[in-house]
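Chain residues, written in single-letter form:
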Amino acid sequence: KTAANGFNRTIDLKNVSISYDDLGEGAIPVIFLHGFPFNKSTWKSQLESLQSSRRVIAFDLRGFGKSHDEKTALSIDLFTSDLIEFMDKLAIEKAIICGLSMGGYIALNAIHKYPERFEALILCDTQCIADTAEGKEKRYKAIDEIENGGLTEFYEGFIKKLFHKDSISSKKEIVANLSTVVFSNSQSSITRGLIAMAERSETCSTLGQISIPTLIICGREDELTPLEQSEFMNGKIKNSKLKVIDNAGHVSNLEQPAEFNNYLSNFLNELS
Ligand code: MLT
């Protein structure tokens, strides 16, 4: 194992201490990018299932989890440059990148800008479109509500949208754990994260340039980034395959971890 291996390692990126877990060994690591407003712990089950066979890394995006940053304006471009700087500092020339939702927005942006840095792509419950005018308006309305009335109402509505309806009642522990993750992020990180997503560019027009092997995974009942979005990306990316997970909503890796991990490890094994 490399000396840098372990949980909660830190590395400075533009004056912010970034917290990351770096487990297992292997020449080309899988780097996991979490969704909004989560943290690296949401990849725990994937790290556990893969760490005996390869190097796996998950980091807290700036402003989230233990990567405290209360000031910087957030954008998908900034998260992308953080990812590349993170790889540079860890001397990772090439990685397999796996992003869920907002993590997928970052992965698609990174693949477009730095195609030479990635060996394979895994897109989970995400999409290539930008926000519609209506979608943008909703984000800014949510920011107003949060700034005037705090986070509770926003969170309660948001958590419900993350899960398949059955998960809310049958997977209470998973729902409670994710609520803790969501509630642990600061109000300013939430509002700056909403702006980052509202202002993101579309990446659909770049999908035809992706030539690396790509796995797309989506929960059948995903409300936030619906299955049609994954089907659309699967149609545009040359070397991609789509796996649909039943009885899952937007957080398919948490709702159906065994099936999710199975798709992930089969895809990774086929690469090598
Ligand atoms: C996410 O899960 O990262 C976000 O909900 C995605 C979004 O709101 O566009």
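In the block above lies the structure referred to throughout.
Keep in mind that this is a model prediction, so the values were computed, not measured.

> Lay out unusual backbone geometry in plain terms, naming residues and giving numbers.
Leave glycine aside and you will find that most residues have negative phi; peptide bonds, for their part, are mostly trans. The omega angle of the peptide bond from F36 to P37 is -15°, so this bond is cis rather than trans. With a phi angle near 45°, K14 is a residue other than glycine that sits in the positive phi range. Secondary-structure assignment places K14 in the loop between β1 (6–13) and β2 (16–23). Judged by its relative accessible area of 40%, K14 falls in the partly exposed class. Despite not being glycine, N15 shows a phi value in the positive range, around 70°. Mapped onto the fold, N15 is located in the loop between β1 and β2.

> Quick rundown of the state of the cysteines? Include the residues and the values.
Within this structure, the stated rule accounts for 1 disulfide. Not engaged in a disulfide, the cysteine C98 finds its nearest cysteine sulfur in C124; these two sulfurs lie 3.8 Å apart. Free cysteine: C218, not disulfide-bonded; nearest cysteine sulfur from C124 at 9.5 Å. The exposure class assigned to C218 is buried, which follows from its relative accessible area of 0%.

> How would you summarise the packing of aromatic side chains if you had to cite specific residues and measurements?
Applying the stated criterion across every chain, the model contains 8 aromatic pairs. Ring centres of F36 and F64 lie 6.3 Å apart, and the angle between their planes is 75°; on these two criteria the pair is classed as edge-to-face. Remark: F64 occurs in the loop between β4 (56–59) and α2 (76–89) and F36 occurs in the loop between β3 (30–33) and α1 (44–50); sequence separation between them is 28 residues. The exposure class assigned to F64 is buried, which follows from its relative accessible area of 0%.

Thresholds, definitions, all that
- Residues numbered from 1 in each chain as written.
- Predicted model: local features only at pLDDT ≥ 70, side-chain atom pairs only at ≥ 80, totals over all residues.
- Heavy atoms only, no water.
- Helix = DSSP H or I, 4+ residues; strand = E, 2+ residues; numbered from the N terminus.
- Buried < 20%, exposed > 50% of the residue type's maximum accessible area, 1.4 Å probe, protein only.
- Disulfide = S-S within 2.5 Å.
- Phe/Tyr/Trp six-rings, centres within 6.5 Å; stacked < 30°, edge-to-face > 60°.

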